[in-house]
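Chain by chain, the residues run as shown.
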Amino acid sequence: MTSFRVRPARTADVRGIQQILEPFVQRRILLGKDIVVLYESVQQFLVAEDDKGRLIGCGALHVIWEDLGEIRTLIVVDEWLQHGVGRAIVEGLEENARELGVTRLFCLTFEVDFFTRRGFSPIGEQVVDPDVYSQLIRSPDEGVAEFLDLAHVKPNTLGNTRMLKQLVPSG
């Protein structure tokens, strides 16, 4: 394997992100995203590229609430699995979260062991207080609905585990 680097995504990366996302959508591991949604959220993404500039992974940080963010669309292409790419992306997203003032990170995943090794734990039902819940319920974002475990997203999330991590300040 050659080396890789993780960097913020640019608009020129969006079609590549969609290309590496598509096989995971076909396997029903991740939900598909329209290309316009990827462009609208490009600033949330970090990408990993090999030393030839090919995209080999990506992940996004989506802020849900003042102290809460979600890691979403975390992908590493098959031939780069087990080479530290996913870990490097998650570490970069965690640092971005800290810079934004986010202290808790949520993810919805089939990769429970991977996220457990990163300090995430499965969560139950009540993860926000009722006042915050009443605000979050108004969000049109599917990730928020997944976080709240709302009934209308259940068909899309079967088999996934809802996990949460308390971030420790860096330094």
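Residues numbered from 1 in each chain as written. Predicted model: local features only at pLDDT ≥ 70, side-chain atom pairs only at ≥ 80, totals over all residues. Heavy atoms only, no water.

## Looking at the overall build of the chain
Quick note on the threshold: Put simply, DSSP marks the helices as runs of H or I at least four residues long and the strands as runs of E at least two long, and each gets a number from the N terminus on. The contact definition used throughout considers only heavy atoms, calling two residues in contact when any of these lie within 4.5 Å. All accessible-area figures derive from a Shrake-Rupley calculation using a 1.4 Å probe, and residue coverage is judged against the displayed protein chains alone.
Secondary structure summary: the chain contains seven helices and seven strands in total. When the elements of the chain are put in sequence order from the N terminus, they spell out β-α-α-β-β-β-α-β-α-β-α-α-α-β. Put simply, 67% of the contacts in the chain that link residues at least 6 apart link residues at least 24 apart. Just so you have it, the chain exposes about 9,400 Å², and 51% of that area is on carbon and sulfur atoms.

## Some points on the packing of aromatic side chains
What counts here: Only centres within 6.5 Å qualify two rings of Phe, Tyr or Trp (six-membered ring in Trp) as a pair; their planes then separate them into stacked at under 30 degrees, edge-to-face at over 60, and tilted for everything else. Type-normalised accessible area, obtained with a 1.4 Å probe on protein chains alone, sets the label of each residue: buried when under 20%, exposed when over 50%, and partly exposed for intermediate values.
Evaluation of the coordinates by the stated rule reveals three aromatic pairs. Geometrically, the ring pair formed by Phe 115 and Phe 120 is edge-to-face, given 5.1 Å between the ring centres and 80° between the ring planes. Exposure class is identical for Phe 115 and Phe 120. Each is buried. Connected via pairs of aromatic rings, a cluster forms that spans Phe 114, Phe 115 and Phe 120.

## Observations regarding the environment of Ile 64
Topologically, Ile 64 is positioned in strand β3 (residues 55-65). Residues Ile 64 and Leu 105, 41 residues apart in the sequence, show an inter-C-alpha distance of 9.4 Å.

## Let's talk about unusual backbone geometry
Its identity as a non-glycine residue notwithstanding, Thr 73 has a phi of 55°, on the positive side. When you line up the elements, Thr 73 lands in strand β4 (residues 68-76). We classify Thr 73 as buried; its relative accessible area is 7%. Positive phi, normally seen in glycine, also occurs at Gln 82, with a value near 70°. Tracing the backbone shows Gln 82 in the loop between β4 and α3 (85-100).

## Considering the pattern of salt bridges
Rules: When a carboxyl oxygen of Asp or Glu lies within 4 Å of a side-chain nitrogen of Lys or Arg, that pair is called a salt bridge.
Applying the stated rule across the entire model yields ten salt bridges. The shortest N-O distance in the salt bridge between Arg 87 and Glu 91 comes to 4.0 Å. Pair noted here: Arg 87 and Glu 91 are both in helix α3, with a separation of four residues, about one helical turn. Salt-bridge contacts for Glu 94 lead to Lys 165; the nearest nitrogen and oxygen are separated by 2.8 Å. Placement of the pair is Glu 94 in helix α3 and Lys 165 in strand β7 (residues 161-166), with a sequence separation of 71 residues. With a relative accessible area of 6%, Glu 94 lands in the buried category. A cluster of three or more residues bridged by salt bridges with shared partners is formed by Arg 5, Arg 7, Asp 13 and Glu 49.

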